[in-house]
Amino acid sequence: MKKNGLLYLMIAGIVLGIFSGWMFGNMMLAVEWIGEMFLDALKMLVVPLIISSMIVGIAGLGDIRKVGKTGFIALSYFLITTCIAVGIGLVMVNIIEPGVAVEMTVEQVPDKVVGKESVAITDILKSFVSPNLVQSMANMEILPLIMFSLVFGGVLTTLGEPGKRAIDFFDTVNAAIMKIVHLLMYFAPIGVFALIASKLGAAGGGDLFLAELAKIGKYVTTVISALLIHGLVVLPAILYMITRRNPIIYFKNVVGALTTAFSTASSSATLPITIDCAEKNNQISRKSCLFVLPLAATVNMNGTALYESVAAMFIAQMLGIQLGLGDQMIIFLTATLAGIGAAGIPEAGLVTMVMVLQSVGLPLEGIGMLLSIDWFLDRCRTTINVWGDSIGAGVLDNLEEKWVERGGKN
Ligand code: ASP
């Protein structure tokens, strides 16, 4: 099937999913299993894809100094765009003030975050290493897998011919996984349809959704408008300024990944399709895709960080707590870290939000007010996360190319 045909079918899948979930509510739970199958099939590819991608990616970069430089530039880029996103969130929440005159009605700390009170910045750092790699794979803990694969790939490059043979093996594994991704893409339209329809149906269909919206509509508007400013203005501007690529065409080429992100609410599960769209449609070099995108899907969460800053301010506003510039600076920093620390799985942002709220002494009960609509906002922020990752791959690939052209090749 032509690339565009599949793309239109995926968009149709989303639209039809929203329509059916809206109209038929609970009845759409009947297709939940189809969505789950699609999601599981994607997840099934994530672990072998990340391991092989990072090993091949790092080997493609070659010299260890170059790896350090590329990694440093990538992480700096992720940090800068995340800070911009949080800044936009804070400006918007101060202008719209969605929490003023909203009564906080939830009195309990939601189950989701109970016991997470002691999650600290050091825990985020600790999550880079795992005592048991197999367990990390089973639990889809991506960060330790990335770390291990980076070191493993790096070491392979120092082992001469036997090391090269091992790298070739992982290269073939990677190519095979990507072939499976291509096959899976044919099921994507029906998969995204089923995921969206059953999720909206489980949330009670259109009527209940509207009722939830009416309660905290201003909050939803604040989050979505801030996400849109970041996604439609800031990120495309960065892409254009650095690469001179047309953001509209670039966007069209990654719609497959964005629709998958919206329907799965998981950057990690979307990763196989993000890589596919970047490499095949946007012609980003393979080594950049393989090195940058797994890293980005795990640590570059512009949408999540933005969301966390808005949510924390919303809770403060509901409680009538005035947060001055100092406190907002603390939110700025912790929301950025919380975005980096959040896993690429559904509603992970709610858990890292504990850190943000605690840093300025806000009650965790506030998260309860956000729960009812989080399934929807999670999808919106995940879409921006994946859009940010895709643009990041394009920008970093271009910077790398320019560097090589300037004679930076080792
Ligand atoms: N679901 C988001 C992602 O996978 C993380 C979050 O914000 O909850 O990118």
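Definitions and cut-offs
- Residues numbered from 1 in each chain as written.
- Predicted model: local features only at pLDDT ≥ 70, side-chain atom pairs only at ≥ 80, totals over all residues.
- Heavy atoms only, no water.
- Helix = DSSP H or I, 4+ residues; strand = E, 2+ residues; numbered from the N terminus.
- Rg over C-alpha atoms; globule rule 2.2 N^0.38 Å.
- Buried < 20%, exposed > 50% of the residue type's maximum accessible area, 1.4 Å probe, protein only.
- Near = heavy atom within 4 Å.
- Polar contact = N/O pair within 3.5 Å; in protein donor to acceptor, adjacent residues only side chain to side chain.
- Areas by Shrake-Rupley, 256 points an atom, 1.4 Å probe, with all protein chains shown as cover.
- 1 Å grid on protein atoms, 1.4 Å probe; cavity = no way out; pocket = protein on both sides within 12 Å on 5 of 7 lines; lining within 4 Å.
- Sits in = over half its atoms within 2 Å of the grid points.
- Patch = residues over 30% accessible without salt bridge, like charges linked within 9 Å, V, L, I, M, F, W, Y side chains within 5 Å.
- Salt bridge = Lys/Arg side-chain N within 4 Å of Asp/Glu carboxyl O.
- Lys, Arg positive; Asp, Glu negative; His and termini not counted.
- Charge placed at Lys NZ, Arg CZ, Asp CG, Glu CD.
- Points joined across faces, edges and corners; volume = space filled by probe spheres on them.
- Axes fitted to C-alpha atoms, helices over the stretch in contact; angles between N-to-C directions.
- Left-handed = near helix turned anticlockwise from the far one by under 90°.
- Contact = heavy atoms within 4.5 Å.
- Nonpolar A, V, L, I, M, F, W, Y, C, P; charged D, E, K, R; others polar.

Chemist: Before we go on, may I ask you to explain the overall build of the protein chain in this structure?
Modeler: When helices and strands are counted, the protein chain shows 17 helices and zero strands. Radius of gyration (C-alpha) of the protein chain: 21 Å, near the 22 Å computed for a compact globule of 410 residues. Seen through its principal axes, the protein chain has C-alpha atoms that stretch 65 × 50 × 45 Å. For the protein chain, the proportion of its 410 residues judged to be buried stands at 55%.

Chemist: What am I meant to see in the site of the ligand here?
Modeler: Looking at the ligand, there are 16 residues lining it, with Ser-267, Thr-304, Gly-349, Asp-378 and Arg-381 nearest. Within the backbone of Ile-345, an N or O atom sits 3.0 Å from a nitrogen atom of the ligand. Between the ligand and Ala-348, the relevant distance is 2.9 Å, taken from an oxygen atom to a main-chain nitrogen or oxygen of the residue. Contact with the protein chains covers 100% of the free accessible surface of the ligand, which is 270 Å². When atoms are counted within 2 Å of each cavity's grid points, the one that captures over half of the ligand is the largest cavity. For the shell around the ligand, the secondary structure elements donating two or more residues are helix H16 (348-359) and helix H17 (366-408).

Chemist: Explain a positive patch on the surface to me, please; I cannot follow it from the model alone.
Modeler: Among the surface-exposed residues, Lys-69, Arg-244, Lys-402 and Arg-406 lie close enough to one another that they form a single positively charged patch. Locating Lys-402 in the fold gives a position in helix H17.

Chemist: How should empty space enclosed by the protein be read in this particular structure?
Modeler: One pass over the structure, following the stated rule, counts one cavity of 30 Å³ or more. For the largest cavity, the calculated volume is near 70 Å³. Taken together, 15 residues form the lining of the largest cavity, with Thr-304, Ala-343, Ile-345, Asp-378 and Asn-385 sitting closest to its centre. Looking at which element gives the most residues to the lining of the largest cavity, the answer is H17, with four residues.

Chemist: Can you walk me through helix H11 (residues 255-264) in this structure?
Modeler: In an α-helix there are 3.6 residues to a turn, and that puts residues three or four apart on one side. With ten of its ten residues buried, H11 lies for the most part within the structure. Turning to H11, its buried residues number three or more, namely Val-255, Gly-256, Ala-257, Leu-258, Thr-259, Thr-260, Ala-261, Phe-262, Ser-263 and Thr-264. Following H11 by one or two positions, Ala-265 has its phi on the positive side, about 55°.

Chemist: Is there a simple way to think about the packing of helix H9 (residues 205-243) against helix H14 (residues 302-318) in this case?
Modeler: Each pair of packed helices can be described by the angle between their axes along with the distance between the axes. Closest axis-to-axis distance for the H9/H14 pair is 10 Å, and the angle between their directions is 150°. Note on packing geometry: the crossing formed by H9 with H14 is right-handed. Taking contact as the criterion, the partners of Ile-216, Tyr-219, Thr-222, Val-223, Ala-226, Leu-227, His-230 and Leu-235 in H9 are, on H14, Asn-302, Gly-303, Leu-306, Tyr-307, Val-310, Ala-311 and Phe-314. In terms of residue class, the contact of H9 with H14 is built from eleven nonpolar, four polar and no charged.

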